[in-house]
Amino acid sequence: MSRIGAIREAVETIVTAAYTTGGEAVTISSDPESIETVPKDQLPHAVILFAEDDPERLAFKQQRRRVNGQVVLAAFAISRETMDARIEAIRDAIFSDVTLGGLVNDVTAEAGVTISNPEDSIVYGTLDISTEEVF
Amino acid sequence: MPTPFETLYGSVKTMVAAIATASGATITQATSNYGDDFRITPGTARYQVQVKPSEDWPRATVSYPRASVVVSIHHYVSSLADEESFLHVTMSYATDSLLEKSTWQVAAGVFDLEPDTEPEISDGEREGNVISFSFTASVLLDPV
């Protein structure tokens, strides 16, 4: 498995566990359009995307490479507070192991929650994730 | 016959080797004494020695060759515990040795430190996984 695939899988495990702990199941995709097209009866749904930047050259022939990504959650008819708690739980789980099991040196994450259209009752949560590794 | 500066260069390398032996650390000389275009493997250290000749120092009728010496030690930190160990053991030995006037005085070819100067250590710097320290001293060499 590629390094970026391993990072994505580690985050996917955290997202799945966050829902399992709450007694729910979540569908997960890497297709960004799926967050808009997934049927309501298949919510909650998560999209996890990662991309790798060009490595940065450092002294002593080291390189720093960053993998940046985003987790987008969509849920039906829940409160903003509930989504906020879910996103925070995922962020806390990531910060409890900021190396993602040794895959990277460090992880940062920023969370946000939006309500798209009150009429469709879908609430979105986002978590921007940045990982870095020096090798 | 080596110049005093060549002798000093060899003496400083011997001083650093003694630090490595005393601390049990793996400190080997970098492939270049200048710049940072060399690799350091995790958990190991590299050192660089720069000797810069400067104007002779006159005392009475004798002129002592004078040199500015910079010893840089770079360590690849492979974990927080490794960094703690490096600071606690290797850098302690290096500091005790290279900031001590007598260390320089007993080095072959070194007559004394320049009067009114003391060896100094820089602040630590970190680049990626490598932390670096430098020691500087201005030394007077045996007259030729």
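To keep things clear, this report deals only with the structure shown in the data block.

Reading the values: the criteria
- Residues numbered from 1 in each chain as written.
- Chains lettered and ligands numbered in written order.
- Predicted model: local features only at pLDDT ≥ 70, side-chain atom pairs only at ≥ 80, totals over all residues.
- Heavy atoms only, no water.
- Helix = DSSP H or I, 4+ residues; strand = E, 2+ residues; numbered from the N terminus.
- Rg over C-alpha atoms; globule rule 2.2 N^0.38 Å.
- Buried < 20%, exposed > 50% of the residue type's maximum accessible area, 1.4 Å probe, protein only.
- Phe/Tyr/Trp six-rings, centres within 6.5 Å; stacked < 30°, edge-to-face > 60°.
- Lys NZ or Arg CZ within 6 Å of the ring centre and 35° of its normal.
- Patch = residues over 30% accessible without salt bridge, like charges linked within 9 Å, V, L, I, M, F, W, Y side chains within 5 Å.
- Areas by Shrake-Rupley, 256 points an atom, 1.4 Å probe, with all protein chains shown as cover.
- Salt bridge = Lys/Arg side-chain N within 4 Å of Asp/Glu carboxyl O.
- Lys, Arg positive; Asp, Glu negative; His and termini not counted.
- Charge placed at Lys NZ, Arg CZ, Asp CG, Glu CD.
- Contact = heavy atoms within 4.5 Å.
- Buried area = accessible area lost by both parts, 1.4 Å probe.
- Polar contact = N/O pair within 3.5 Å; in protein donor to acceptor, adjacent residues only side chain to side chain.
- Nonpolar A, V, L, I, M, F, W, Y, C, P; charged D, E, K, R; others polar.
- Core = buried A, V, L, I, M, F, W, Y, C linked by side-chain atoms within 4.5 Å.
- Expected span 1.5 Å × (residues − 1).
- Arc of directions from axis to C-beta.

Here we take up the overall build of chain A. If you tally the helices and strands in chain A, you get 3 helices and 6 strands. Reading the helices (α) and strands (β) of chain A from amino to carboxyl end gives α-β-α-β-β-β-α-β-β. In terms of overall size, chain A behaves like a compact globule, its C-alpha atoms giving a radius of gyration of 16 Å where 135 residues would be expected to give roughly 14 Å. Taken over the C-alpha atoms alone, chain A extends approximately 55 × 25 × 25 Å along its principal axes. Expressed as a percentage of its 135 residues, the buried residues of chain A come to 40%.

Scanning the entire structure with this criterion turns up 2 aromatic pairs over all chains. Both rings, one in Phe 60 of chain A and one in Phe 38 of chain B, keep their centres 5.2 Å apart while their planes meet at 65°; by these two values the pair is edge-to-face. A residue pair is termed interchain when its members come from two chains, as with Phe 60 of chain A in the loop between β3 (56-58) and β4 (62-76) and Phe 38 of chain B in the loop between β1 (27-29) and β2 (45-59). For Phe 60 of chain A, a relative accessible area of 6% translates into the label buried. The residue whose ring lies beneath Arg 65 of chain A is Phe 135 of chain A, and the NZ or CZ to ring-centre distance is 4.1 Å. Above the plane of the ring of Tyr 19 of chain A lies Arg 86 of chain A, whose end atom (NZ or CZ) is 4.2 Å from the centre.

Our focus in this paragraph is a negative patch on the surface. Residue and element names in this part refer to chain B. Taken together, the side chains of Asp 36, Asp 37, Asp 123, Glu 125 and Glu 127 present a region of like negative charge at the surface. Considering the arrangement of structural elements, one finds Asp 36 in the loop between β1 and β2. Using a relative accessible area of 37% as the deciding quantity, one classes Asp 36 as partly exposed.

Quick look at the interface of chain A and chain B now. Contact with chain A, which involves 8 residues of that partner, is made by 12 residues of chain B. Carbon and sulfur atoms supply 58% of the area buried between chain A and chain B, which totals about 930 Å² over both sides. In terms of surface lost to chain B, no three residues of chain A exceed Phe 60, Lys 61 and Gln 62 of chain A, which account for 69% of the buried area on that side. In this assembly, chain A and chain B are joined by 0 salt bridges. Linking chain A with chain B are 5 residue pairs in polar contact (both at pLDDT 80 or more), by the criterion used here. Of the residues contributing to the side of chain A that touches chain B, the split by class is 4 nonpolar, 2 polar and 2 charged.

Residue and element names in this part refer to chain B. Membership of the largest hydrophobic core comes to 30 residues, with the highest contact counts inside it found for Leu 8, Val 71, Ile 73, Trp 104 and Val 139. For this core, the secondary-structure elements that each account for two or more residues are α1 (4-23), β2, β3 (62-76), α2 (80-98), β4 (110-113) and β7 (130-141). Residue contacts for Val 71: discarding those within four places in its chain leaves Val 12, Val 16, Gln 48, Leu 98, Phe 133, Ser 134 and Phe 135.

Residues and elements named next belong to chain B. Its 20 residues give α1 an end-to-end C-alpha distance of 29 Å, which sits within 8% of 28 Å, the value for a rise of 1.5 Å per residue. Three or more residues of α1 are buried, namely Pro 4, Leu 8, Ser 11, Val 12, Met 15, Val 16, Ile 19, Ala 20 and Ser 23. Immediately downstream of α1, the backbone of Gly 24 shows phi near 80°, a positive value.

Attention now goes to helix α3 (residues 80-95) of chain A. Residue and element names in this part refer to chain A. When the terminal C-alpha atoms of α3 are compared, their 22 Å separation across 16 residues agrees well with the 22 Å that a helix rising 1.5 Å per residue should span. Here α3 has its buried residues at Met 83, Arg 86, Ile 87, Ile 90, Arg 91 and Ile 94. Summarising the axial view, the buried residues of α3 lie within an arc of 130°, below the 170-degree limit, and thus occupy one face.

On to unusual backbone geometry. Outside of glycine, negative phi angles account for most residues, and trans bonds account for most peptide bonds. Residue and element names in this part refer to chain A. Residues Leu 43 and Pro 44 are joined by a peptide bond in cis, for which omega reads 5°. Residue placement: Pro 44 occurs in the loop between α2 (34-37) and β2 (45-52). Phi is positive for Ala 77, close to 55°, though the residue is something other than glycine. By the element assignment, Ala 77 lies in the loop between β4 and α3.

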